[in-house]
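What follows is the residue order along each chain.
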Amino acid sequence: MSVLVNKNSKIIVQGFTGSEGTFHAEQMIEYGTNIVGGVTPGKGGQEHLGKPVFNTVEEAVEKVGADTSIIFVPPAFAADAIMEAASAGIKVIITITEGIPVADMVKAANYVKDRDCRLVGPNCPGVITPEEAKVGIMPGFVFKKGNVGIVSKSGTLTYEAADQVVRQGLGITTAIGIGGDPIIGTTTKEAVELLINDPETECVVMIGEIGGQLEADAAKWYKASGSKKPVVGFIAGETAPAGRTMGHAGAIVGGSDDTAQAKKKIMREHGIHVVDSPAEIGKKVKEVMG
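Values in this document were obtained by computation on a predicted structure and should not be read as measured data.

Chemist: Can you lay out the overall build of the chain for me, pointing to particular residues and giving the numbers?
Modeler: Each helix and strand in the chain was counted, giving nine helices and 14 strands. Against the compact-globule benchmark of 19 Å for 290 residues, the chain has a radius of gyration of 18 Å, which places it among compact chains. Seen through its C-alpha atoms, the chain measures out along the principal axes to roughly 55 × 40 × 30 Å. The buried share among the 290 residues of the chain stands at 53%. In the chain, the proportion of contacts linking residues at least 24 apart, taken out of those at least 6 apart, comes to 73%.

The structure is reproduced here in structure tokens:
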């Protein structure tokens with residue numbers, strides 16, 4: 001089993017013919033991901049990387065049965081691209097674009113809420129189910145198939161955690177990069193819930209950072225769920241000064257509950273195995289999985 005994407009996902013690339021879209025679509029195709037086409041308005045009817053180009057997402061859904069989209073559209077137009085995908089019936093919308101205006105994301109997030117689809121991102125590395133589908137910008141070679149799920153706000157720490165898990169002789173079911181913006185689609189709690197409910201995932205790695213309540217919400221849900229699957233947690237930003245945005249637009253300590261220390265305390269109180277350094281993730285996973 002996997003969550004969100006697998007070998008049967010029919011994936012389109014929005015912003016297909018742009019430089020980012022082209023570069024990463026090539027990598028995804030090389031990985032074996034089932035890319036069925038792409039969307040670039042005004043270029044419909046052409047072929048790009050051996051795949052058909054459509055003017056609209058609706059057309060891609062109609063002609064090639066697309067059910068998943070990855071968005072590499074520039075920030076000014078990305079929220080519209082998300083809403084277009086949702087309106088066309090795409091079920092999983094993965095948004096890589098960084099720097100989408102917050103007001104635009106408020107609109108897009110509300111629009112998606114009322115539809116039968118899931119938004120991942122924006123400003124995220126995507127989702128990968130190893131050896132089946134890489135829908136994002138992560139280095140595929142780091143990920144091997146196995147029984148550990150990963151949820152992370154940070155792209156780089158997603159790959160770091162995967163590498164450490166693999167070095168312990170284990171592997172990954174699905175890794176979900178949720179993104180580090182103030183307004184994102186899938187939250188930490190929702191991503192953890194997907195993996196806890198996946199029969200093949202035996203352990204979850206949850207990587208968070210300073211700012212916001214997402215990790216605390218996930219920890220509370222986890223304890224209330226009564227799940228026996230272990231969760232290993234890490235929070236980045238231990239030394240971040242209060243009131244300053246660090247790296248991600250959403251990574252800002254606003255109050256005493258937003259600090260790394262406070263989040264780790266809440267996570268420990270709710271049964272999560274917290275490590276203090278990302279270098280300890282792999283060893284801790286191995287330990288809790290027995």
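Chemist: Outline the UniProt feature "domain: CoA-binding" (unreviewed entry) in the chain, listing residues and values.
Modeler: Sequence positions flagged by UniProt for "domain: CoA-binding" (unreviewed entry) are, in local numbering, residues 4-100. Between the end C-alpha atoms of residues 4-100 the distance is 23 Å, and the span holds 35% helix and 24% strand.

Chemist: Explain the packing of aromatic side chains to me, using residue names and the numbers behind them.
Modeler: As enumerated under the stated definition, the model contains zero aromatic pairs in all. If you follow Arg115 out to its NZ or CZ, it ends over the ring of Tyr111, 3.8 Å from the centre.

Chemist: Describe the UniProt feature "binding site: substrate" (unreviewed entry) in the chain, listing the residues and the values that go with them.
Modeler: The feature "binding site: substrate" (unreviewed entry), as given by UniProt, occupies Tyr159 in the numbering adopted here. Summarising the element assignment, Tyr159 is placed in helix H5 (residues 155-167). With residues near it in sequence (within four places) discarded, Tyr159 still touches Pro125, Ile137, Met138, Pro139, Val142 and Phe143.

Chemist: With reference to specific residues and values, describe the packing of helix H6 (residues 188-196) against helix H7 (residues 214-225).
Modeler: Packing of H6 against H7 leaves a shortest axis separation of 7 Å and a crossing angle of 35°. Residue-level inspection shows Thr188, Lys189, Val192, Glu193 and Ile196 of H6 in contact with H7, the latter providing Leu214, Asp217, Ala218, Trp221 and Tyr222. Grouping the constituent residues of the contact of H6 with H7 by class yields six nonpolar, one polar and three charged.

Chemist: Describe the pairing of strand S10 (residues 145-152), with residues and values.
Modeler: Among the eight residues that make up S10, six are buried, leaving the element largely enclosed by the rest of the structure. Of the pairings in the sheet, the one linking S10 to strand S11 (residues 172-177) comprises five bridges and is parallel in character. Opposite Val151, over in S11, you have Ile176 as the bridge partner. In this fold, the crossover linking S10 to S11 by way of H5 has right-handed handedness. Relative to strand S12 (residues 203-209), S10 is paired through five bridges, and the arrangement is parallel. Following the sheet pairing, Ser152 is matched in S12 by Ile207.

Chemist: How would you summarise the side chain of Ser69 if you had to cite specific residues and measurements?
Modeler: The residue Ser69 is located in strand S5 (residues 68-71) in this model. When sequence neighbours within four positions are dropped, the list of residues in contact with Ser69 reads Ile12, Gln14, Ile90, Val92, Ile93 and Ile94.

Chemist: Give a detailed account of the pairing of strand S1 (residues 11-14), specifying residues and quantitative values.
Modeler: Burial along S1 is two-sided: Ile11 and Val13 and Ile12 and Gln14, pointing in opposite directions, are all buried. Note: S1 against strand S2 (residues 35-39), four bridges, orientation parallel. Within the sheet, the bridge partner assigned to Gln14 lies in S2 and is Val39. Regarding the hand of the β-α-β motif, the stretch spanning S1, helix H1 (residues 19-31) and S2 is right-handed. Pairing of S1 with S5 involves four bridges; the strand directions are parallel. Residue pairing across strands places Ile12 opposite Ser69, the latter belonging to S5.

Chemist: Break down the layout of surface pockets for me, citing the residues and quoting the values.
Modeler: When its volume is computed, the largest pocket comes out at roughly 510 Å³. Lining of the largest pocket is provided by 30 residues; of these, Phe72, Val73, Ile96, Thr97 and Glu98 occupy positions nearest its centre. Of all elements in the fold, only H1, helix H3 (75-87) and H5 reach the threshold of two or more residues within the lining of the largest pocket. Of the residues forming the lining of the largest pocket, the biggest block, five residues, is contributed by H3.

Chemist: Report on unusual backbone geometry, specifying residues and quantitative values.
Modeler: Backbone torsion omega between Gly121 and Pro122 reads 10°, so that peptide bond is classified as cis. When you line up the elements, Pro122 lands in the loop between strand S7 (118-120) and strand S8 (126-129). At Leu49, a residue that is not glycine, the phi angle is positive and equals roughly 55°. With respect to the element layout, Leu49 can be found in the loop between strand S3 (47-48) and strand S4 (51-54). Judged by its relative accessible area of 29%, Leu49 falls in the partly exposed class. One non-glycine residue, Glu131, lies in the positive phi region at around 65°. Tracing the backbone shows Glu131 in the loop between S8 and strand S9 (133-136).

Chemist: I'd like to hear about H6, residue by residue, with values.
Modeler: What H6 keeps buried is the set Thr188, Ala191, Val192, Leu195 and Ile196. Around the axis of H6, the buried residues are gathered within 135° of arc, so they sit on the same side. Looking at the buried side of H6, the elements it contacts are S10, S11, S12, H7 and strand S13 (231-236).

Procedures and definitions
- Residues numbered from 1 in each chain as written.
- Predicted model: local features only at pLDDT ≥ 70, side-chain atom pairs only at ≥ 80, totals over all residues.
- Heavy atoms only, no water.
- Helix = DSSP H or I, 4+ residues; strand = E, 2+ residues; numbered from the N terminus.
- Rg over C-alpha atoms; globule rule 2.2 N^0.38 Å.
- Buried < 20%, exposed > 50% of the residue type's maximum accessible area, 1.4 Å probe, protein only.
- Contact = heavy atoms within 4.5 Å.
- UniProt positions renumbered as here; feature names shortened; annotations may be inferred.
- Phe/Tyr/Trp six-rings, centres within 6.5 Å; stacked < 30°, edge-to-face > 60°.
- Lys NZ or Arg CZ within 6 Å of the ring centre and 35° of its normal.
- Axes fitted to C-alpha atoms, helices over the stretch in contact; angles between N-to-C directions.
- Nonpolar A, V, L, I, M, F, W, Y, C, P; charged D, E, K, R; others polar.
- Pairing = 2+ DSSP bridges.
- Right-handed = clockwise from strand over helix to strand, strands pointing away.
- 1 Å grid on protein atoms, 1.4 Å probe; cavity = no way out; pocket = protein on both sides within 12 Å on 5 of 7 lines; lining within 4 Å.
- Points joined across faces, edges and corners; volume = space filled by probe spheres on them.
- Arc of directions from axis to C-beta.

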